[in-house]
Amino acid sequence: MDSLTQIALGSAVGHAVLGNKVGRKAVLCGAALGTLPDLDVFIPYGGPVEAFTYHRGFSHSLLIHLLISPLIVWLILKIHTGMQAYKTRWFWLVFLCLSTHSLLDSLTVYGTQLLWPLTEHPFAISSMFIIDPLYTLPLLVGVGYALLPKINSTRAYNINATMLVLSSMYLCSSLILKVIVDDKVTAALSDRQIKVNNYISTPAPLTTLLWRIVVMSDGQYYVAYASVFDEPNEVTLNAYNTTPSLLNDINNEWGIKRLQWFTKGFYNVHQRQSNIILSDLRMGMECNYVFNFVVGVKTNTGIDEGNYEKISQRPQLSKMSNIWDRIWDSKVSLAQTNTKSGCH
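Throughout what follows, the structure given in this document is the object of discussion.

What counts as what
- Residues numbered from 1 in each chain as written.
- Predicted model: local features only at pLDDT ≥ 70, side-chain atom pairs only at ≥ 80, totals over all residues.
- Heavy atoms only, no water.
- Pairing = 2+ DSSP bridges.
- Helix = DSSP H or I, 4+ residues; strand = E, 2+ residues; numbered from the N terminus.
- Axes fitted to C-alpha atoms, helices over the stretch in contact; angles between N-to-C directions.
- Contact = heavy atoms within 4.5 Å.
- Parallel < 35°, antiparallel > 145°, perpendicular 65-115°, else oblique.
- Left-handed = near helix turned anticlockwise from the far one by under 90°.
- Nonpolar A, V, L, I, M, F, W, Y, C, P; charged D, E, K, R; others polar.
- Buried < 20%, exposed > 50% of the residue type's maximum accessible area, 1.4 Å probe, protein only.

## Overview of the sheet that holds strand 4 (residues 236-241)
For step 1, the next point in the chain: The antiparallel open sheet is built from 4 strands, whose spatial order is 1-2-3-4. A single partner strand is all that each edge strand has here, and the edge strands are strand 1 (198-203) and strand 4. Taken pair by pair, the neighbouring strands of this sheet meet at an average axis angle of 20°, ignoring direction.
For step 2, the next point in the chain: Relative to strand 2 (residues 210-217), strand 1 is paired through 6 bridges, and the arrangement is antiparallel. By the bridge assignment for strand 2, Thr202 is matched with Arg212.
For step 3, the next point in the chain: Taken strand by strand, helix 9 (residues 320-328) contacts strand 2, strand 3 (220-227) and strand 4, and its axis lies near 70° from that of strand 3.

As structure tokens, this is what we get:
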């Protein structure tokens, strides 16, 4: 999730665990701990693919959190003497602030290595978009009350706890909506006799009322949009071409295999001038994917391995209003045109 949400979650959890004992110190420590796992972005992993696939690795592991929590507690108690009586609560504050960060990240589509080093599997439930104001707002309200100087501490504690429960209920609702939408899309795919090799659904930006679906099929993939209010026949499906054969000469390279593994097979391969581009289909929209890598270069003798340069594609902000309209009207199109020469 985004940094603001993680700070708010850490602050709320910190205050819920220890706010009634140490006050605002719990909020500030929770905010710092809620940010800590994402500091791995500053580690020089050595290349674009490494940075992409090692992020949310060891720093997001629940096992690592369990191991380092006693050390962090020891440091906190060294700085804040006189709090030894709350040593157990400090442990739970530290561990829960770290672990809830990772668990929340695992609800997005990116992938979080919760059990590193036992496995590098990137867990991704994909029931939340990386930014969702309806989840973040209650957390900010609760933390805001906790930080007010003249409010009764018991009242602040109760309001923060209530807001934390409300935000957690919203997370649960996203899981329910995901099941409802998946059932609609499964029926739509069956009715249209589309072969499904791989399937993933994730919320559209800023909402859980509209969902974006990617279906990998033979020689092509489909991008679908489904509102929780749609009937199966109203689910919009658009087919796009992909050319995985462009990777035949370089398919055994570590970078290619790593991207194929991390994207879980949801990738598009296309040629742009002399460059062979691999795009992660899970994040972004057609023609505006967040993660694109130059994996190959076409030469006179074939295709050589590329330098894996990451190519950014700016999202079309004008399409954002269409997302809201599509929730209520299945006739609103969010499709883009994908051709061999590019997107239009």
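That covers the picture; the talk isn't over yet.
## Some details on the packing of helix 1 (residues 3-22) against helix 6 (residues 133-147)
For step 1, the next point in the chain: Closest axis-to-axis distance for the helix 1/helix 6 pair is 9 Å, and the angle between their directions is 50°. Classed by the angle they form, the pair helix 1 and helix 6 counts as oblique. For the element pair helix 1 and helix 6, the recorded crossing hand is left-handed. Across from Leu4, Thr5, Ala8, Leu9, Ser11, Ala12 and His15 in helix 1, the residues of helix 6 making contact are Tyr135, Thr136, Leu139, Leu140, Val143 and Ala146.
For step 2, the next point in the chain: Class assignment of the residues belonging to the contact of helix 1 with helix 6 gives a composition of 9 nonpolar, 4 polar and no charged.

## Side note on the pairing of strand 6 (residues 275-280)
For step 1, the next point in the chain: Across the 6 residues of strand 6, 5 count as buried, placing the element largely inside the fold.
For step 2, the next point in the chain: Sheet analysis places strand 5 (residues 267-272) next to strand 6, joined by 6 bridges and oriented antiparallel. Bridge pairing in strand 6 links Asn268 to Ser279.
For step 3, the next point in the chain: Between the end of strand 5 and the start of strand 6, which pair antiparallel, lie 2 residues, with Gln273 showing a positive phi angle near 60°.
For step 4, the next point in the chain: For strand 6 and strand 9 (residues 292-299), the ladder comprises 5 bridges, and the chain directions are antiparallel. Looking at the pairing, Ser279 lines up with Asn292 of strand 9.

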